[in-house]
Amino acid sequence: MAAYLPPSVDEVRNACKRAGYDLPEEEIQYQYQAGIGMIDSLNILNDYEISNSVEHRDIGEAPKPETNAHNQWAWRSNIQRNNSGSLADKKVGVKDCITVAGIPMQAGFAGLVDYIPSYDSPCITALLNEGAIIVGKTNCENASFSSFSHTSCNGDVMNPYNKKKTAGGSSSGSGVSVALGDVDMAIGTDTGGSVRMPASYCGLAGMKVTTGLIPTKGVTPIMTSLDTVGPLTRTVQENALFLSVMAKSNKMLQPLLGACDYSKDIGKGIKNLKIAILKEGFEFENSDPEINSIVKTCIKSLSDLGANFEEISIPEVKLGSFVLVVNVIQATYWLEDKYCPRGQQRLRYEIKKHFKDQNKLSHYAKSSTLLRYYLSDEEADRIIERSQDITEVLQTKFIEHLEHFDAICVPTIPGKVPDLPSKDLPLLEQFPAMLPAGNNTAIANLTGHPALTVNCGFTTEKMPVGIMFTGKYFDEKTLYRIGRSIEELQSSQN
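Per chain, the residues get numbers from 1 upward, laid out in the order the sequence is written. Totals for whole chains, interfaces and linings use every residue, but because this is a predicted model, local features are given only for residues with pLDDT of at least 70 and side-chain atom pairs only at 80 or more, for both listing and counting. Note that water and hydrogens are dropped before the side-chain values are worked out from all heavy atoms of the structure.

(A) Main features of the overall build of the chain. When its secondary structure is counted, the chain shows 15 helices and eleven strands. As defined in this context, the radius of gyration uses C-alpha atoms, and a globule is described by 2.2 Å times the residue total to the power 0.38. Taken over the C-alpha trace, the chain has a radius of gyration of 24 Å; the compact-globule value for 494 residues is 23 Å, and the two agree within 12%. On the principal axes, the C-alpha backbone points of the chain span a range of 80 × 55 × 50 Å. In this analysis, two residues are considered to be in contact whenever any of their non-hydrogen atoms come within 4.5 Å of each other. When contacts within the chain are restricted to residue pairs at least 6 apart in sequence, long-range pairs at least 24 apart make up 78% of them. Here the open area of atoms and residues is found with the Shrake-Rupley method and a 1.4 Å probe, where only the protein chains shown may cover a residue. Total accessible area on the chain is roughly 22,000 Å²; 52% of this is exposed by carbon and sulfur atoms. In this charge count, Lys and Arg are treated as positive and Asp and Glu as negative; neither His nor the chain ends contribute. Throughout, a charge is located at the NZ atom of Lys, the CZ atom of Arg, the CG atom of Asp or the CD atom of Glu. Counting 48 positive and 58 negative side-chain charges, the chain places the centres of these two groups 5 Å from one another. Elements are defined by DSSP. Helices are runs of H or I of four residues or more, strands are runs of E of two residues or more, and each kind is numbered from the N terminus.

Written out as structure tokens, the structure reads:
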């Protein structure tokens, strides 16, 4: 790499002007000497050799129509580092906003052209080290800005139970590929529900992990304080197995968490567990009586197994999805090359060369970007501060309740699975309001808690219904115990 050149005295003067400093000549000379020293430091780092190589990989190919009937795949591959380990020969799909070295990535956005990452995201490395096979990149929503499944540049992703219905987003293809049996597990990302919503709509288990449990390096960011990476699987047991491996990618937390086996005690049952029923989670404007009834029937069955349920109230939950909108004011800087989250410098550097046309962003992503321009800096700062205050209230109340309860329960999504909007409709009618779908899911992203969705039944339209449990920080194990008990109930009823 080219060496960094030391500044001239005139360049120091110009830098001071740009920074707003009015310095006397003596200090300018000091800053000139300091600048030379700092540039020397940069060159020492610049010259240090680091190997970022990965094994040779076949680039793969675009998906064939006959194996992509629901448009779940963006790219197909066949990457396996070894065939031993806890995930030997397990097939994995990866949301197409997560880097896999040597495999094209587009993040559902046609303006990202010919981008092939040079490195694996840490969770990919962990999975490959345990014998998993990366069989492809799954379609996702345009820049991950949608909870439906109709904004990807590759077209609509269709629900596995009914092609006319949404598969949920933004990890839409991840949900469908698992539900159809293409893979054993798919990786999604979750900033406001993007793992749990497709999991719910596709009848799967989906885990939003404790924020920070799995590194998000190599993931196109939306809001780094909210972004998480998590697994979608057909069963809770598989979900726990895959999370046990993915969590190994966090080297900083390993000394604290140890060799965490999330499958341990998963069959222990739920007798004497204390679970709160969050009143407001059933009372949104879009809450559907049939969804509430199915979820409450599941709660009754869990009660019969020995779990103790009690209703609680957190009124601020009704504000959660609106707080998430405010976070979007800060979230879209990366789309305009104005912000680079910590740990994502390499991703930004690589993407910048391939980021060709912002006009290719979806209407949703553009709306999120434009929101910031409708407000003055003072207005934006004021509403961001207000949203942070509400987030702190939510976090405090969840922590306080979880001191007395093992989990908090709500419907994953208050309403029924919507239809995919017709492209024949006028634009204003094509894009339904997304906020209501994430009314319950957004909260765990704001507070940082883990949250697991599992299927708890089907509507009269034969569409899946999810029930969601939020737990204590880093206590995904208890959530898996509850989820496994629900699966056992369903097996006994069938």
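The discussion continues.
(B) Expanded view of the side chain of Thr151. Tracing the backbone through its elements, the reader meets Thr151 in the loop between strand 3 (133–138) and helix 4 (172–179). Residue classification places Thr151 among the buried positions, given a relative accessible area of 8%. Residues adjacent in sequence count toward polar contacts only when both atoms are side-chain atoms; beyond that, a polar contact is any pair of N or O atoms within 3.5 Å, and within protein one must be able to donate a hydrogen and the other to accept it. A distance of 2.7 Å separates polar atoms of two side chains, one belonging to Thr151 and the other to Glu141. In terms of polar contacts, Thr151 uses its side chain to reach the backbone amide nitrogen of Asn142, at 3.1 Å. Residue burial is assigned from relative accessible area. The probe radius is 1.4 Å, only protein chains are included, and a residue is buried under 20% of its type maximum, exposed over 50%, and partly exposed in between.

(C) Molecular detail of the environment of Leu5. By secondary structure assignment, the location of Leu5 is in the segment before helix 1 (9–19). Judged by relative accessible area, Leu5 falls into the exposed class, the value being 71%. Residues Leu5 and Ile36, spaced 31 residues apart in sequence, show a C-alpha to C-alpha distance of 8.6 Å.

(D) Expanded view of unusual backbone geometry. Gly169 connects to Ser170 through a cis peptide bond whose omega is 10°. Examined against the element boundaries, Ser170 turns out to sit in the loop between strand 3 and helix 4. In the Ramachandran plot, Asp89 falls in the positive-phi region, its phi being about 65° despite a non-glycine side chain. Its place among the elements puts Asp89 in the loop between strand 1 (73–80) and strand 2 (91–95). Accessibility expressed as a relative area gives 44% for Asp89, which makes it partly exposed.

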